[in-house]
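Residue-level structural notes
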2 protein chains.
Amino acid sequence: MTAVSKDRDHQSLDAEMRRIGAAARDAARALAIASPESKTKALRAAAQAIRDHAAEIVAANGDDVAAAKRAGLAAPLIDRLMLDAARVAAIAKGLDEIAGLPDPVGTELARWTRPNGLDIARVRVPLGVIGIIYESRPNVTADAGGLCLRAGNACILRGGSESFHSSRAIASCLAEGLRAAKLPVAAIQLVPTRDRAAVSMMLTMPEFIDVIIPRGGKALIERVMNESRIPVLAHLEGNCHVYVDGAADLAMARRITVNAKMRRTSVCGAAETLLVDRKVAGTHLAPLVKDLLDAGCAVRGDAQTQKLDPRVAPASDKDWDTEFLDAIIAVKLVDGVDGAIQHVNRHGSHHTDTIVTGDAAAAERFMREVDSGIVLHNASTQFADGSEFGMGAEIGISTNRLHARGPVGAEQLTSFKYVVRGTGQIRP
Amino acid sequence: MTAVSKDRDHQSLDAEMRRIGAAARDAARALAIASPESKTKALRAAAQAIRDHAAEIVAANGDDVAAAKRAGLAAPLIDRLMLDAARVAAIAKGLDEIAGLPDPVGTELARWTRPNGLDIARVRVPLGVIGIIYESRPNVTADAGGLCLRAGNACILRGGSESFHSSRAIASCLAEGLRAAKLPVAAIQLVPTRDRAAVSMMLTMPEFIDVIIPRGGKALIERVMNESRIPVLAHLEGNCHVYVDGAADLAMARRITVNAKMRRTSVCGAAETLLVDRKVAGTHLAPLVKDLLDAGCAVRGDAQTQKLDPRVAPASDKDWDTEFLDAIIAVKLVDGVDGAIQHVNRHGSHHTDTIVTGDAAAAERFMREVDSGIVLHNASTQFADGSEFGMGAEIGISTNRLHARGPVGAEQLTSFKYVVRGTGQIRP
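Residues numbered from 1 in each chain as written. Chains lettered and ligands numbered in written order. Predicted model: local features only at pLDDT ≥ 70, side-chain atom pairs only at ≥ 80, totals over all residues.

1. Side note on the sheet that holds strand β10 (residues 313–314) of chain B
Spatially, β1(A)-β2(A)-β16(A)-β13(B)-β12(B)-β7(B)-β8(B)-β11(B)-β9(B)-β10(B) is the arrangement adopted by the 10 strands of the open sheet, whose pairing is mixed. The two strands at the open ends of the sheet, each matched to only one other strand, are β1 (108–113) of chain A together with β10 of chain B. In terms of strand pairing, strand β12 (residues 352–356) of chain B meets strand β13 (residues 374–379) of chain B through 4 bridges, oriented parallel. Across the sheet, residue threonine 354 of chain B finds its bridge partner in β13 of chain B, namely leucine 376 of chain B. Running at roughly 160° to strand β8 (residues 271–277) of chain B, helix α11 (residues 281–294) of chain B makes contact with β7 (240–244), β8, β9 (298–301) and β11 (328–334) of chain B of the sheet. Helix-sheet contacts for helix α14 (residues 360–369) of chain B involve β16 (414–425) of chain A together with β7, β12 and β13 of chain B, and the interaxial angle to β13 of chain B is about 160°. (Pairing = 2+ DSSP bridges. Helix = DSSP H or I, 4+ residues; strand = E, 2+ residues; numbered from the N terminus. Contact = placed C-beta atoms within 7 Å. Axes fitted to C-alpha atoms, helices over the stretch in contact; angles between N-to-C directions.)

2. Notes on the relation of the copies chain A and chain B
Least-squares fitting of chain A to chain B yields an RMSD of 0.1 Å, with the superposition described by an axial translation of 0.0 Å and a rotation of 180°. Put plainly, the chains are arranged around a two-fold axis. Residues of chain A ranked by C-alpha distance from the rotation axis are headed by histidine 403 of chain A, positioned 1.9 Å from it. Mapped onto chain B, 100% of the interface residues of chain A again fall at the interface, so both copies present the same surface. (Least-squares fit on C-alpha atoms with pLDDT ≥ 70 in both.)

3. Considerations on helix α6 (residues 139–150) of chain A
All names here are of chain A. Its 12 residues give α6 an end-to-end C-alpha distance of 17 Å, which sits within 8% of 16 Å, the value for a rise of 1.5 Å per residue. Across the 12 residues of α6, 11 count as buried, placing the element largely inside the fold. Among the residues of α6, those classed as buried are Val140, Thr141, Ala142, Asp143, Ala144, Gly145, Gly146, Leu147, Cys148, Leu149 and Arg150. Of the residues flanking the end of α6, it is glycine 152, one or two places downstream, whose phi is positive at about 80°. (Expected span 1.5 Å × (residues − 1). Buried ≥ 20, exposed ≤ 12 C-beta atoms within 10 Å, placed from the backbone.)

4. Considerations on the nonpolar core
Counting 158 residues, the largest nonpolar core has Ile50 of chain A together with Ile50 of chain B as its most contacted members. Sequence-distant contacts of isoleucine 50 of chain B, defined by excluding residues within four places in its chain, comprise Ile57, Val88, Ile91, Ala92, Leu95, Ala142, Ile170 and Cys173 of chain B. (Core = buried A, V, L, I, M, F, W, Y, C linked by C-beta atoms within 7 Å.)

The following block contains the structure:
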């Protein structure tokens, strides 16, 4: 391609992205004042459209999967990409569940009256336009689009290029739902190109997009955080810890440790480091390590842990800072709750950490002093999940400190305004 | 200066800023678990130190004012910079008021129990380290430092170079307060150089600073928003509107319009545009315009407004989008509440807008559909202020949609964490 034609392409893509942005902004205005019933209707009609067009979605997905195989994509990525009848049904069910969530818009968060008689209410409103940038899973198109709609936001979806046809088939069902409810179709738009330049354009359109949510691997998220001129709600790493305190019940500690690490190793709430109180090294360390090894987990230990079993490999300094997302755990002895708090705050990623102990005071100290979005006592770190929290569907777990920390559900996709009712007050 | 020595200076400033950042991070950890009483004690002791050292503060300020005069700074800027005994007393009083605010840290925002018995609480925690970048007013050093401390945050303050000596004198009183309460002195640090490169360094230290708050003119705020790699809580413009509806009581509309525009013209809540319902152009427009002109306000009107008085100048297209921050107002007829909503959403800055009307339904529509942080009915836009809202001291009015919208007080300077109490639960 010549430089001139490339430049012309860039200009036409830029114009296209700005047109999408302006349409999203207009749709957001309409959505902000749409009734809860109309949004619910659109979500249920979209779910039905997904069921009605299941065969077409599976066929479109077949094109994506075939292309991915030709391109030599790794088997786990192809599995993430693949849709069959059951997975399509699950996508429709997810939309129905979102339809059943309470509409957060219009909720009064607080209301009070001032001495001068002004009546002040803080009321939830949508955020506006949300840009979502994600990788291979095509179901995100429906999940993210649906959750944005529930909270009254317009969204611009930029899916992975591998799932291009699948996402387009799903997006057309979402559009069908919007039309059925007489809501603007531009409320959920899919970027209609695989050109990666479209992502950079999204990240620099603050006049059209209010918040960017990246969903995917660390490289994607870091690229988005570095390039974006728009606030980002990001989920970085989950380097999560289980601390087994000196006052822990051993049976409970074993159950929680194996679950926190091994239930699913690829989720952000999976434990990556086990800390054991030096006081109970003699009684607790060996069974905890044995359970993990028996469950098929590779154990990398400090000096004392290595002595327990020839299968324990030495832990390197880097291991304490690593999110393995795999059947690997780093194990270390620490000096009581103080040592645990210090280790977690220094090496953790401020995501999710748990203490197992029968000592209520130690538990409260750990949960107060560990600076993480989710802290638990006597429970598995794998509970780090919006639906386990009772918040319904989630778009991810935020590691931000601003706006939303922890699970991001419909409520977290809102802003608020102050509504002030007076009787002629002027300021002295 | 040679390139080499300039580079060496840059390196040493960079090292100094990183040292300040690391000290703030450590201090934030200590502050996050400090008792409410110790923070209150530090604030009261700082107020007392300000009173004890009033003469030194005024003397230091004299150096700043003399330098500003030599540099030919404009009179209003010199007035902003100037401190006398009364202004120093007001700074001390401000700290005492912040000391009296409820401590937001540790408040349970919500608590619920899941079917599996997990007890989940959402609890307020500090944001962490806040970087504040401001211009000439030296009182911001105390106000911002105090408010950050009340909410358990460490802060790094970068004041205007004109107020360098004044801010240093005030900061040393804040340090005295921290020492009296045995809190880390690094909880409130003033950047000890006038070098503008320090600002760029602050904006690129996400490992040490969690949020940046700029306070000052539009140029400063835009520079910060463009350069920052850290989330920004920004106050952009307040292009605020008064809409006088067809069902407005004329006397109330006159009172509110003059107050909204003229009480103080330099505040962000000052009205910049008056919209009048075409239905009452014959009865309401003339007295509203006359009041403004009589109060010394320049009026720029649309065609019909220009006919009322030879003193009315023609409004240009740009005037509808302008924050005058001066005794100037743009006046326009619109077609009822629909026309008003459309104009405000198109031309306003989503800050603060009011409707004057006796029609409750029109008022509710205006407040629902106008997309601004603060919407009012029958009250002056000049109430856009944290203390008028009953939120105590504020650090500004945020025009963000994420995290904090509207007045930013101690509560808005916090994040939250989820505290989950279990009895051995593992995730199925």
